[in-house]
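Descriptive structure summary
Here's the letter readout for the chains.
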Amino acid sequence: FKLALSQGDGEPANVIIKDYQIDPIKGRLLHADLLRLSMTTMTRVSVSVEPIGEPPGVKTDGGILELQLREIEVECLPGDIPEQLTVDVSHLQIGDHVTVADLVYDREKVKLLVDENQIVAGVLAPRMIEEVAPAVAVVEGEPGATAAEPEVIKKGKADEE
């Protein structure tokens with residue numbers, strides 16, 4: 001972003017948004033914290049991870065795609081900061097996963113600050129919910145018949161004899 005600063009010499013400066021606040025009712029920007037950047041100094045930022053494609057393990061087998069890393073911290077020059085890091089998940093079956101090494105980015109300009117063997121996304125097997133059939137009591141001598149309701153014994157004074 002380029003912004004004309006009101007302090008100093010008034011020259012436009014390269015900045016990055018560090019934090020911001022949005023009005024929860026109207027959705028307007030209330031406040032933003034900006035950091036001035038040097039275009040020749042390496043900087044660290046978090047970049048979002050976006051899966052591309054639909055895994056066959058989800059589409060046909062009913063699995064669940066789970067993203068374990070939604071953002072990854074990178075180090076690069078401000079002009080080389082990627083909008084997002086992408087990972088192809090279109091080949092994943094149930095039990096398969098992709099790691100940081102499978103991410104698509106410019107490896108000459110961007111350095112990832114996480115372990116390459118860390119899992120980014122995987123396809124999990126669906127959880128099966130067992131349905132318990134209602135219990136049916138059978139009365140002796142009558143096949144297929146259900147038991148009568150239990151007898152209710154009332155509490156109270158005992159009848160005098």
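Below is a short write-up of the structure. Here the structure is a predicted model, which means the values were calculated and not measured. (Residues numbered from 1 in each chain as written. Predicted model: local features only at pLDDT ≥ 70, side-chain atom pairs only at ≥ 80, totals over all residues. Heavy atoms only, no water.)

**Things to note about the overall build of the protein**
Looking only at helices and strands, one finds 1 helix and 10 strands in the protein. The secondary structure elements of the protein, listed N-terminal to C-terminal, are β-β-β-β-α-β-β-β-β-β-β. Relative to its full complement of 161 residues, the protein shows a buried share of 22%. In the protein, of all internal contacts separated by at least 6 residues, the share reaching a separation of at least 24 is 57%. Total accessible area on the protein is roughly 12800 Å²; 50% of this is exposed by carbon and sulfur atoms. (Helix = DSSP H or I, 4+ residues; strand = E, 2+ residues; numbered from the N terminus. Buried < 20%, exposed > 50% of the residue type's maximum accessible area, 1.4 Å probe, protein only. Contact = heavy atoms within 4.5 Å. Areas by Shrake-Rupley, 256 points an atom, 1.4 Å probe, with all protein chains shown as cover.)

**Points about the sheet that holds strand S9 (residues 111-112)**
Spatial ordering of the open sheet is given by S7-S4-S6-S9, a layout of 4 strands whose pairing is mixed. Of all the strands in the sheet, just strand S7 (84-88) and S9 have a single pairing partner and so form its edges. The pairing of strand S6 (residues 71-76) with S9 spans 2 bridges and is antiparallel. Within S9, the residue paired with Val74 across the bridge is Leu112. (Pairing = 2+ DSSP bridges.)

**With respect to the nonpolar core**
The biggest cluster of nonpolar side chains holds 21 residues, and the ones touching the most others in it are Ile72, Leu85, Leu103, Leu112 and Val120. Secondary-structure elements contributing two or more residues to this core are strand S4 (43-52), S6, S7 and strand S10 (119-124). Those residues in contact with Leu103 that lie beyond four places of it in its chain are Val49, Ile72, Leu85, Thr86, Val87, Leu112 and Val120. (Core = buried A, V, L, I, M, F, W, Y, C linked by side-chain atoms within 4.5 Å.)

**A short note on the pattern of salt bridges**
Under the criterion given, the structure shown has 1 salt bridge. For Arg44, the salt bridge identified is with Glu75, shortest N-O distance 3.5 Å. Here Glu75 lies in strand S6 and Arg44 lies in strand S4, a separation of 31 residues in the sequence. (Salt bridge = Lys/Arg side-chain N within 4 Å of Asp/Glu carboxyl O.)

**Here we look at the side chain of Thr43**
Locating Thr43 in the fold gives a position in strand S4. A relative accessible area of 17% means that Thr43 is categorised as buried. The residues touching Thr43, leaving out its near neighbours within four places in the chain, are Leu37, Val74, Glu75, Cys76, Pro78 and Ile81.

**Focus on a nonpolar patch on the surface**
Where nonpolar side chains cluster on the molecular surface, the patch consists of Ile17, Tyr20, Ile22, Leu29 and Leu34 and spans about 470 Å² of accessible area. With 3 residues, the top contributor of residues to the nonpolar patch is strand S2 (residues 12-22). Of note, Ile17 is situated in strand S2. (Patch = residues over 30% accessible without salt bridge, like charges linked within 9 Å, V, L, I, M, F, W, Y side chains within 5 Å.)

**Section: the sheet that holds strand S5 (residues 64-67)**
Two modes of strand pairing occur in sheets, parallel and antiparallel, and in both the strands are linked by backbone hydrogen bonds. Taken in spatial order, the 3 strands of this open sheet run S5-S10-S8, and their pairing is antiparallel. Here the strands that pair on one side only, and so sit at the sheet edges, are S5 and strand S8 (97-99). Across the sheet, the mean angle separating the axes of adjacent strands is 10 degrees when strand polarity is ignored. (Axes fitted to C-alpha atoms, helices over the stretch in contact; angles between N-to-C directions.)

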